[in-house]
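Fold and contact review
This is what each chain is made of:
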Amino acid sequence: MVAFGYLITLLVVSFTSTDAFTPSLPKHRATLTTVLYAESSTSASTGLRKAQELIKSLVEEKKCFSTEAGAKSFGDACAFNVVYEDCFQPQPVVGKTPVTEHLLQKVEARKGRGEVRLDMLSDGDEACGFAWTWTAGDEEGLRGTTYVGLNKQGLIEYVREIPEPIFKPGDLTLELLKAVTAGAEPNPPKEYDPRTPTTACDVVDYLFNTVQGSSIDESVRIFDDSIVYRDFNYENVLNGKTEVRKFIEDFSFPGIEFRAQRIDDGIESCCFTWEVALLDAPDTIKGISFYKLDPITRKVSYVRDVPESAIKPPLLGKLARDFRPGLGVFQGVKAGSRPGGM
């Protein structure tokens, strides 16, 4: 359930502490009003909700990550106090003009090679998130996830973007965690009222703000039998509830606190930001997750977790972008060979 692959990164940060920037912005949380009135905030012409429609237009139509005109369109859609947490970089970018310049720099760094493909887009109105893949010609490469929150005027006020790590440590994370948290005292299970949420944003809120720390059985119940779980610190996906359950059990150690931060108001899918604290470490590791529901069972059928890197920019990631600016990885794969960026 939790993006546990981040922990190897957290261990590095714990011993190489730097001042962290945490913008003070409101969380986007699902409420009963959001769910009941979702239809009223849907665009009559496109069937999309506000945030969803804006991001689809900027990424797919304007091509904001691969053209100068698109980058400027993204900047035009931002509030003056926008905060853009590009977690590939050491510090966030703050302000409408600096964010526009940051997007133009991204375009320039691609050197006219390739585009960013929109793989999945949550159907949020006040905020949304999207899974993406860099493509160039008949190849595809770097993947990642981005969360976008709007203000009351419908302008972009917050962005968090995290690419997948080039090096994926796999079970090394588990071994390191066992060593570092040895002797940590477990917290008593929290009491909660079981329920069965049916919208994606409510599912996420229930899992991480109600059930977490109480019952693995209840957490696993919320996943569909066909669940595909992508944690980007592993090369391979987890398939089915048995594998996901073992994954959760393996990493159920005391000494870890997972904190959901901003949760979009998506109904069929939901993107949310989070941070993880390890023991008494002064710094946290940030991440993004994307959850998608099965349209029939209303249970979680797909998860994508991605944590930030402790070192920014990450060495291998920077080398890969310099070497292959259109793909962002050293070796691409055939375009379309990973459906949905899987």
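Throughout what follows, the structure given in this document is the object of discussion.

Thresholds, definitions, all that
- Chains are numbered independently. Their residues run from 1 in the order of the written sequence.
- This being a predicted model, a pLDDT of at least 70 is required before a residue's local features are given, and a value of 80 or more before pairs of side-chain atoms are given or counted; all residues contribute to the totals for chains, interfaces and linings.
- In computing side-chain values, all of the structure's heavy atoms are included and hydrogens and water are not.
- For helices the rule is a DSSP run of H or I covering at least 4 residues; for strands it is a run of E covering at least 2, with both sets numbered from the N terminus onward.
- The buried label goes to any residue with under 20% of its type's maximum accessible area, the exposed label to any with over 50%, and the partly exposed label to all in between, with areas taken from a 1.4 Å probe on protein chains only.
- Between two residues, a contact is recorded if the distance between any of their heavy atoms is within 4.5 Å.
- Per-residue accessibility takes into account occlusion by the displayed protein chains alone, with areas from the Shrake-Rupley method and a 1.4 Å probe.
- Within this scheme, the nonpolar core is defined by two criteria: the residues are buried Ala, Val, Leu, Ile, Met, Phe, Trp, Tyr or Cys, and they are joined through side-chain atoms within 4.5 Å.
- Within this analysis, the arc is defined by the directions that extend from the helix axis to the C-beta atoms.
- In this analysis, rings of Phe, Tyr and Trp, with Trp reduced to its six-membered ring, are considered paired at centre separations within 6.5 Å, and the interplanar angle assigns stacked below 30 degrees, edge-to-face beyond 60, and tilted for intermediate values.
- The criterion for a charge sitting over a ring is simple: Lys NZ or Arg CZ within 6 Å of the ring centre, and within 35 degrees of the ring normal.
- Asp and Glu count as negative and Lys and Arg as positive, but His and the ends of the chain are not part of the count.
- A pairing counts as a salt bridge when a side-chain nitrogen of Lys or Arg comes within 4 Å of a carboxyl oxygen of Asp or Glu.
- Polar contact is defined as a pair of N or O atoms within 3.5 Å, subject to the rule that within protein one atom must be able to donate a hydrogen and the other to accept it, and that residues adjacent in sequence are counted only when both atoms are side-chain atoms.

Observations regarding the overall build of the protein
Summing up its helical and strand segments, the protein has 10 helices and 13 strands in all. In the protein, which comprises 342 residues, the share counted as buried stands at 55%. Sequence-distant contacts, at least 24 apart, represent 63% of the contacts inside the protein between residues at least 6 apart. Roughly 15200 Å² of accessible area belongs to the protein as shown, and the carbon and sulfur atoms make up 54% of that amount.

Here we look at the environment of Leu118
With respect to the secondary-structure elements, Leu118 resides in strand S3 (residues 115–121). Under the relative-accessibility criterion, Leu118 is labelled buried at 14%.

Considering the nonpolar core
One finds Phe208, Phe223, Phe272, Tyr291 and Val300 to be the most contacted residues of the largest nonpolar core, which totals 31 residues. For this core, the elements supplying multiple residues, two or more each, are helix H7 (200–211), strand S7 (223–231), helix H9 (240–250), strand S9 (256–263), strand S10 (269–278), strand S11 (285–293) and strand S12 (300–307). Counting residues per element, this core draws most heavily on H7, which supplies 8 residues. In terms of nonpolar packing, the next biggest core, distinct from the first, is built from 30 residues, Phe65, Val107, Trp132 and Trp134 among them.

Things to note about helix H4 (residues 68–76)
Those residues of H4 not exposed but buried are Gly70, Ala71, Phe74 and Gly75. What you see down the axis of H4 is that its buried residues fit within an arc of 145°, all on one side. What points out from H4, more than 90 degrees from its buried face, is the exposed set Ala69 and Asp76. Where H4 is buried, its residues touch helix H3 (50–61), strand S1 (78–86), helix H5 (96–110) and strand S6 (156–163).

Quick word on the packing of aromatic side chains
Working definition: an aromatic ring pair is given by the centre-to-centre distance plus the angle between the planes. Applying the stated criterion across every chain, the model contains 12 aromatic pairs. Between Phe258 and Trp274, the aromatic rings sit 5.2 Å apart at their centres with planes inclined by 35°, giving tilted as the arrangement. Placement of the pair is Phe258 in strand S9 and Trp274 in strand S10, with a sequence separation of 16 residues. A connected cluster of aromatic rings, assembled from ring pairs, spans Phe208, Phe258, Phe272, Trp274 and Tyr291. Residue placement shows Arg262 over the ring face of Tyr158; its charged tip is 3.9 Å from the ring centre.

Brief notes about the side chain of Arg321
Position of Arg321 among the secondary structure elements: in helix H10 (residues 315–323). Although Arg321 is buried, it forms no salt bridge, and the closest oppositely charged side chain is Glu161 at an N-O distance of 5.3 Å. Those residues in contact with Arg321 that sit more than four places away from it in its chain are Phe88, Trp134, Leu142, Pro163 and Gly328.

Brief notes about the environment of Ser301
With respect to the element layout, Ser301 can be found in strand S12. Considered as a pair, Ser301 and Asp225 are 76 residues apart in the sequence and their alpha carbons are 7.7 Å apart.

Notes on the environment of Asp119
Take Asp119: it is sitting in strand S3. Asp119 sits 26 residues away from Thr145 along the chain, and the two C-alpha atoms are 9.6 Å apart. Once residues within four sequence positions are removed from consideration, Asp119 is found in contact with Ala131, Trp132, Thr133, Arg304, Gly340 and Gly341. A polar contact of 2.4 Å, which involves the side chain of Asp119, links it to the side chain of Thr133.

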